[in-house]
Amino acid sequence: MKTRNYHLILLSSFCILCHFQGKAVRTKNKIYISIDGRSSCFRRLNATHQIGCTSEPNGNVGVVHHISTEDDLNWLLDKGPHAPYAALMHSTNFIMDNVLRLKNSGKINGIMVIHLLENKTLTEIPPAFSPDKSCPLEQYGMYQGTNYSGCHSVKWNADGHGMMFEDFDFPIFILTNQSEVEFMIEECYRKFNQPYSDGNPRGYPLCAVELKDRMDAAKDSETCIRRTNHQQNLNPDKYCDPLGDLNVYATIKAVNNTSAYPAKSVIVAAARMDSFSMFDNVYPSADNHVSGIVALLAAAEALGKFKDKIKGSISSKDILFTFLNGEAFDYIGSSRLVYDMQRNQFPLPFSGATYLHPVTLDHISHFVEVNQLAYRDDNKLWIHTDPISRKNISVEIDSMIETLKACGNKSQVGIEEVDQSQPLPPASVQSFLKEKLFIPAVVISDHRREFTNKYYNSRFDLVSQINASYPENVNQSDWYDYVTVQAQQLTKVSTMLARFLYNLSMADSPPDNLSASKKSVTHMLYCFLISPQCELFKEILTADFSKDLSAAPYPFYVGVTIVNNHITTLIEKLLGLYVGYKMDNYTSDNCVQPGSDKVYQYMWMQGPLLENSTSRDGKCIRTTSNTSLAVSPAFTADGNIDENNWRSGRYSAWAESSWAADAISIRLFLIPNPQLEIVTLVIGMVILILSFILCFIFNKKASVIFANNVAENSSSTTSHVPS
Amino acid sequence: MTVMEFFGCTFIAFGPPLGLFIFTIARDPLRIIVLIASAFFWLLSLLISSILWYAVVPLRQELAFGLVFSVLFQETFRFLFYKLLRKADRGLQQVSQTGQNANVAPKDISNKHIMAYVSGLGFGIICGAFSLVNVLADMWGPGTIGIKGDSQYFFVASAFLTLCFVFLHTFWGVIFFNAWDKRHYPLIAVVLCSHMLVSCLTLLNQRTSYRSEPLYLASIIPAYVIMFTMAVIAFYTAGGSFRNIMTAVSCKKSSNYIVD
């Protein structure tokens, strides 16, 4: 490349003026290198705090220091003379202790963490990493103020260090592009910054990085929502949005509003839909909660084949499948569901013959929740119950456990009960029990005491960690149909679940052929965890939507209320397919609810590929599968604060800060030697002043200095007099 | 922040032209008009150069090609501006005359070197602005050049070279106009050749495959030598002499007749 050429700049500057697409190189491109493979930690707010990261409005500049060992860290803290630094850390160094040491040293202006999952040397997966608290969701659970509060008996997330809930006034990024990371280490750190082997620091110029991650909101969600509302200009800014999305539900019996729907006649089968991690768009969520989602969906599919039998029986109990969203943020989805149930507004805030019968807390006869299922303690599943309610309704709970164990035996799933005095782990059912203690409830999970998932709500909750990845000798094109170890196990779990639900509903042992489909479990795991561009997802969508499926897995983060999650829609459709009826003689055009029938939703799906053809066998599905709001009752539907519910302090108050389109960036550059800078400035000043003085003198003395000219011209002056 | 670097380079490149402008140009509207007109002529030469550079696609990456023609166009437009100025003599004279001394030709018109100097400075200032403003604009920010292996002296070298070109254009203006007035063709050749030579010297500032470091000194030192040579020629052309300087230094009373 050319460094400097006078005329190139002459020419190129003109090109810029004329908007030509010439190959002009701006000096800026030689100063800055932009890093695009990145994902930032951002700010969230609750009723009292702000958490996450932000930078200064124009970004934080720090000298790059690569920390791969403890010594590197100590060098930065003890010696490093060029503060502020920007630490480039490895996943194994990026632990709460180190981050706090860096933060408290005041010598740090930002952190970058290498996150290259394909590269084992640059990104070693740590033995444990969870940014969630060690006692997650405690404050909004049912044990607040009881003997079981504070995780006294079990620290559920023993590896959780709560980094997610820390407030950082500097940005933290993960870097995800291998060549950019290598450039940063080799061409930036090693070349300019790496201290000499005797520990002495390098001189200028130093390689620095500007980390820009500017968040708009501050203080707490009440403040930022008030600021959003108090705007006078015509182009208002939004400072934050409440977290929330939609819950998915479906009932088997589809009882409408005029039919009898006795109390204690609904079994709720619930799973959580969301998780989080510290970094934007990195929510792999394999164990927490894809394993649970897939198991419950497969169970719904298995039961869907027997729905007529359940519907046909008058004494059978209805089964309500729900997938709850926003649970990782203080039970947004379940608390809203309970709130609506208490007000006769679930599923819909309308009544009439053409609507589903409202479900209230009194309707619930049993509650079955599936939690994380992939890392089994002693290769078994574990049944958790609530010791407080158990004192009063032990008969119902005991019989549930007996049935469940029997179903487990039948389906070859090892399942056992945990110590009865142990409280429930963080689970959606806590929102229900908090309001109505005497619901017989079981939570099925993979851990006996502490979470077996060492990566709870983190960026390492990966498909490779749960035995659901594919052997190297399997072609990528065959992955979709390859049955992994995890898929086999989850199928058994789903079979057990389906049989258990059938048994609870019909009070009768299920037919032998009631079992989950291994194929569906395999496909769902692939579609949720590897690539949404899969046949299963294409089948359940319309042709238009299936074209837009992303290649990378969809995030399992609940997100803000104004954006609808893809995962929610996909689960709604899958559930619709599994528990719905295929309608004959419908086309994509007339696949809509007839008249005012709001009991069912009609979904058009483009269906599976016809054999040896590119066309598909489309179908219209009539189903009860639908969505309900998963927005905390502390917020109104339009994102404002609901005063009464807010003040009660019983509901999640999480909001996410907004940020401008250009608020997040990373660029690398050199910072000059301050001496060189000062010398340049001094030379400039001297030249400026000297030239002013000289010009002044020259101008004053011009007649003397150019005297020869005067003499020469004086004679000709007269000849110029106009005639 | 590289704010210090930014101001340092700005002062180096534009300090002397600013001084010249304030003390010799700013108070006289006629000179401002001529300065801007000559700057416009330089811009026209840039336009033609750019069109040529853009049109000849295969040679777009060859700087030497665009450079040689750019020099030729600049000198052509200097000549055109000279012609224009001489044609406009009468008009300028009327414009600048005020009622009282209608019979006396103003010194700006009578002393041909003044307009030559003003138009040379106009060429220089616009040329300097176009060569450095982009660089200065990008300098504003936290970083300096070098992460891709470029020399850290790039900004200072650019500033000094820009200053050199501002002065060169000023001196060339004086020499060139006078040479045409006197039909003194060798001096015209000197102007053309020295312009070509200095411009070609800037090619040394490229990094190429066999030269990882640009040779800034190899271009700046000869450029300044040529600049001083031109300064001396222009000085004598404009009627200066060593003796006059001595007279001026000895603080003899002067009549402020010529420039002011």
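Residues numbered from 1 in each chain as written. Chains lettered and ligands numbered in written order. Predicted model: local features only at pLDDT ≥ 70, side-chain atom pairs only at ≥ 80, totals over all residues.

Per an unreviewed UniProt entry, the recorded name for chain B is Gamma-secretase subunit Aph-1, and the organism is Potamilus streckersoni. As recorded by UniProt, the Sequence similarities (unreviewed entry) comment attached to chain B reads in full: "Belongs to the APH-1 family." (UniProt positions renumbered as here; feature names shortened; annotations may be inferred.)

Chain A carries the name Nicastrin in an unreviewed UniProt entry, which gives Potamilus streckersoni as its organism. UniProt, in its Sequence similarities (unreviewed entry) section for chain A, records the words "Belongs to the nicastrin family." Among the UniProt annotations of chain A, the heading Subcellular location (unreviewed entry) holds the following wording: "Membrane".

### Quick look at the sheet that holds strand E7 (residues 108-114) of chain A
Residues and elements named next belong to chain A. Strand order across the open sheet formed by eight strands is E1-E23-E9-E5-E6-E7-E8-E2, with mixed pairing between neighbours. Bordering the open sheet on either side are strand E1 (33-34) and strand E2 (38-40), each of which pairs with just one other strand. Bridging between E2 and strand E8 (residues 172-175) involves three bridges; their strand directions are antiparallel. Of the residues in E8, the one forming a bridge with arginine 38 is leucine 175. Where helix H3 (residues 70-79) meets the sheet, its contacts fall on strand E5 (60-67) and strand E6 (85-89), and the angle it forms with E5 comes to roughly 140 degrees. Running at roughly 160 degrees to E7, helix H4 (residues 96-105) makes contact with E6 and E7 of the sheet. (Pairing = 2+ DSSP bridges. Helix = DSSP H or I, 4+ residues; strand = E, 2+ residues; numbered from the N terminus. Contact = placed C-beta atoms within 7 Å. Axes fitted to C-alpha atoms, helices over the stretch in contact; angles between N-to-C directions.)

### Some words on the confidence of the model for chain A
Considering every residue of chain A, the mean pLDDT works out to 89; 94% of them sit at 70 or more. Here residues 1-24 of chain A scores under 50 on pLDDT; set against residues more than four positions off or in separate chains, the count is 56 contacts. (pLDDT = per-residue confidence, 0-100.)

### Some points on helix H2 (residues 29-55) of chain B
The terminal C-alpha atoms of H2(B) lie 39 Å apart, and with 27 residues this matches the ideal 39 Å at 1.5 Å per residue to within 8%. Within H2(B), burial applies to B:Arg31, B:Val34, B:Leu35, B:Ser38, B:Ala39, B:Phe41, B:Trp42, B:Ser45, B:Leu46, B:Ser49, B:Ser50 and B:Trp53. (Expected span 1.5 Å × (residues − 1). Buried ≥ 20, exposed ≤ 12 C-beta atoms within 10 Å, placed from the backbone.)

### Remarks on unusual backbone geometry
Residues and elements named next belong to chain A. The peptide bond linking alanine 83 to proline 84 adopts the cis configuration, its omega dihedral lying at 0 degrees. That bond from asparagine 288 to histidine 289 is cis: its omega, 15 degrees, falls within 30 degrees of zero. Here histidine 289 is to be found in helix H7 (residues 286-304). Of note, alanine 254 is a non-glycine position whose phi angle comes to about 50 degrees, a positive value. Looking at where alanine 254 falls in the secondary structure, it is placed in the loop between strand E11 (244-251) and strand E12 (266-272). Of note in this structure, asparagine 457 is not a glycine but carries a positive phi near 50 degrees. Secondary-structure assignment places asparagine 457 in the loop between strand E17 (441-445) and helix H13 (485-506). Since 27 C-beta atoms lie within 10 Å of it, asparagine 457 is described here as buried.

### Notes on the pairing of strand E15 (residues 381-384) of chain A
Residue and element names in this part refer to chain A. Of the strand pairs in this sheet, E15 and strand E16 (residues 415-417) are connected by three bridges, and their pairing is parallel. Pairing of leucine 381 across the sheet is with isoleucine 415, part of E16. When E15 meets E17, the two strands line up antiparallel, connected through three bridges. Bridge pairing in E17 links tryptophan 382 to serine 445.

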